[in-house]
Amino acid sequence: MSSLISAVSWVRRGVAVRHPTKYVLDDQELERVSALARIELEDAKKELELAHKAAQSMGKGAEGEEGDDDADEDEDGWVDEDDDAMDEDVPMDQDKPEGEAGGSTQAKPSGDDLEQYNLDDYDNDDAMPGMGPFSNIKGLTYYRNNDEDPYITLKEDEEAQEREELEILPTDNLLVVAKTEDEVSQLEVYIYDESEENLYVHHDLMLPSFPLCLEWLDFPPVSSPAARGSAPAQFGNFIAVGTLDPEIEIWSLDTVEAMYPDMVLGRPDKTAAHVPTPLGTGKKKRKKTKARPASTAHHVDAVLGLSWNRTHRNLLASASADRTVKLWDLSRDPTINGEGGEGEGALRSFDVHKDKVQAVQWNQSDPTVLLTGSYDRTVRTFDSRAPDAGVGAVVGADVEALRWDPWEPHGFYVSLENGLVLNFDARTLPSDLSAPSPARFTVSAHDGAVSALDVNPHVRGILATGGTDKVVKVWNVAEDPDLGKRQVSLVTSRDLGVGKVFSTVWSPDDPLTLAAAGSKARLQVWDVGANAGARKVLGPKVAEAGRVLKEKQGGGVISVATDDEDSSGDEDGGEGDE
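The model shown is predicted, which means the values in this text are computed figures rather than measured ones.

Draft legend 1. Structural context of the overall build of the protein. Of the regular secondary structure elements, the protein holds six helices and 31 strands. Across the 578 residues that make up the protein, the buried fraction comes to 44%. Partitioning the intrachain contacts of the protein with sequence separation of at least 6 by distance along the chain shows that 56% fall at a separation of at least 24. Accessible area for the protein stands at about 32100 Å²; split by element, carbon and sulfur atoms hold 48% of it.

Draft legend 2. Structural context of the pattern of salt bridges. Inspection of every chain in the model, using the stated rule, returns 14 salt bridges. In this structure, aspartate 218 engages arginine 313 in a salt bridge whose closest nitrogen and oxygen atoms are separated by 3.0 Å. In this pair, aspartate 218 is assigned in the loop between strand S6 (211-217) and strand S7 (238-243) and arginine 313 in the loop between strand S11 (303-308) and strand S12 (315-320), connecting sequence segments 95 residues apart. On the basis of relative accessibility, which here comes to 9%, the residue aspartate 218 falls in the buried class. On the accessibility criterion, arginine 313 (19% relative accessible area) is buried. Among the salt bridges present, the one from aspartate 383 reaches arginine 385, with a minimum N-O distance of 2.8 Å. Residue arginine 385 is classed as exposed on the basis of its relative accessible area of 62%. One network of salt bridges, in which partners are shared, links Glu408, Arg440, Glu479 and Arg486.

Draft legend 3. A look at the packing of aromatic side chains. Scanning all chains against the criterion turns up six aromatic pairs. Ring geometry for tryptophan 10 versus tyrosine 192: centroids 6.0 Å apart, planes at 80°, classification edge-to-face. Of the two residues, tryptophan 10 is situated in strand S1 (residues 4-11) and tyrosine 192 in strand S4 (residues 184-193); the sequence distance between them amounts to 182 residues. Feature note: the residues Trp404, Phe412 and Phe424 constitute an aromatic cluster, connected by ring pairs.

Draft legend 4. Fine view of a nonpolar patch on the surface. On the surface, Leu25, Leu30 and Met259 cluster together into a nonpolar patch covering about 300 Å² of accessible area. Take methionine 259: it is sitting in the loop between strand S9 (255-256) and strand S10 (263-265). Residue class for methionine 259 comes out exposed when judged on its relative accessible area of 58%.

Draft legend 5. Structural context of the sheet that holds S4. A sheet is described by the order of its strands in space; here four strands give the open sequence S1-S3-S4-S5, paired in antiparallel fashion. The outermost strands of the open sheet, each flanked by one partner alone, are S1 and strand S5 (198-206). Along the sheet, successive strands turn relative to each other by an average axial angle of 25°, direction set aside. Sheet topology places S4 next to S5; eight bridges connect them, and they run antiparallel. If you follow glutamate 188 over to S5, its bridge partner there is aspartate 204.

Draft legend 6. Spotlight on the sheet that holds strand S29 (residues 523-527). Reading across from one edge, S27-S28-S29-S30 is the order of the four strands in this open sheet, with antiparallel pairing throughout. For this open sheet the edge positions go to strand S27 (501-506) and strand S30 (557-559), each flanked by a neighbour on one side alone. Geometrically, the sheet is characterised by an average inter-axis angle of 20° between neighbouring strands, direction not taken into account. Pairing analysis gives five bridges linking strand S28 (residues 513-518) to S29, with the strands arranged antiparallel. Note that in S29 the partner of alanine 517 across the bridge is leucine 523.

The rules behind these values
Residues numbered from 1 in each chain as written. Predicted model: local features only at pLDDT ≥ 70, side-chain atom pairs only at ≥ 80, totals over all residues. Heavy atoms only, no water. Helix = DSSP H or I, 4+ residues; strand = E, 2+ residues; numbered from the N terminus. Buried < 20%, exposed > 50% of the residue type's maximum accessible area, 1.4 Å probe, protein only. Contact = heavy atoms within 4.5 Å. Areas by Shrake-Rupley, 256 points an atom, 1.4 Å probe, with all protein chains shown as cover. Salt bridge = Lys/Arg side-chain N within 4 Å of Asp/Glu carboxyl O. Phe/Tyr/Trp six-rings, centres within 6.5 Å; stacked < 30°, edge-to-face > 60°. Patch = residues over 30% accessible without salt bridge, like charges linked within 9 Å, V, L, I, M, F, W, Y side chains within 5 Å. Pairing = 2+ DSSP bridges. Axes fitted to C-alpha atoms, helices over the stretch in contact; angles between N-to-C directions.

Note that all results are geometric; they support no functional claim without further evidence.
Written out as structure tokens, the structure is:
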């Protein structure tokens, strides 16, 4: 599997704790992990005891009989090399005795013969000759470490040094990327210092499966250590991860070296995603695996999309390849006992599509409304309290990504596999998908799939797209008062050197800064305002929004990589299809 970054998520400034804590696997944490993983702790302890007893019995046998045999063999094979060396030691100014010429033995030198080396005065300090500027080196004392040296008053504190290295300043952004390299999947947490234009990896978290989507949230899950105790935390810093496995993992970004997530949504004991089940029972078995039985309590296939509700902070929506959209309550115990009891598993399950559901997003203005897009070439928007009363549209191609317009409660964008970006008004969509559902405007954005899409949350009418043509583009959407229509123009485009673009996300703090990543497993932060043409077109909009564009010294692209690849591409402008 080639290296790639499949998803990127920002964390706004001031959210992360200044000094992250280290993961501690104590008895309480072990019990929590066992409950989440559906592991029978007692059975594991019994197996461990049996293995320990077996190891002890094997060790005793080796010490009793085999150990003695080895000792005897070692004694028989012992050779005193010093004696041989002494036998062969002959002063260079003496000739061998005639009887020993060509012989195999020779006489040992007598004690008088060693007097010429003056060995009696060898350790006499007074007889040691001067050594110039290093003549006082004889008084040097060696200490094993600086803590034992009384002359070093500034002692090294490894814990304080590590604490300083892991410090996150209030002016730092976090960037979480879902990265797979050499078949190893992990979350890499980057620090982005906008004032210094610095980007580096802070820590990483290992994942059990290939990650597909990310979603940041500040609600502490009920099974998180932050939510336990006498004073549970009301806010936190967490990332939800959807993978090829049917489970959703939620990790704390304020804990380094974590071994297990704070919450797992799903049933790993039921889906058994790590154990493939082949079709057939004979010797010739098919390569495909059986489809897992559908369930309303959990997903049974890969999780392709996630969306956190910023108003009802305990709610998380997920889209899956099992054709369902599920609603999760993070304040409920995720452990399912198998009977499907009330208050366990997914809160709701929606079957509104006929194929894999690629994307899902909550409407920030109307926090009970969901927007979904599927490989059945449709988009649907519905109230989670009454999903049957939803509306939708046929888009003509597989949906890649979708976003609500934060500046218009009923408007949303959809990017497609055929390179188009569509804009719809949900109020004009029919409930019957067979009825016409024209888009308000269409943009021919990329030569290939538009795999990344995001709407600027700071300035109205700015759109960012990324495609499999390896280009990131920024669009300006403006109202034409004369025609009464919207005009869409390309502000700037750039090949950031990330390969096929899989994720493009605007910064939550800076008005014209975005992050992009893709098939080359590289993360790039692009300050669009560094481009003169972009400043000319978007400057008035930014000023109208009350934001200030900062002048940057470099070309506006910040990356961790230090290779000589030219990540800059053509920068041009053009008109989009209306």
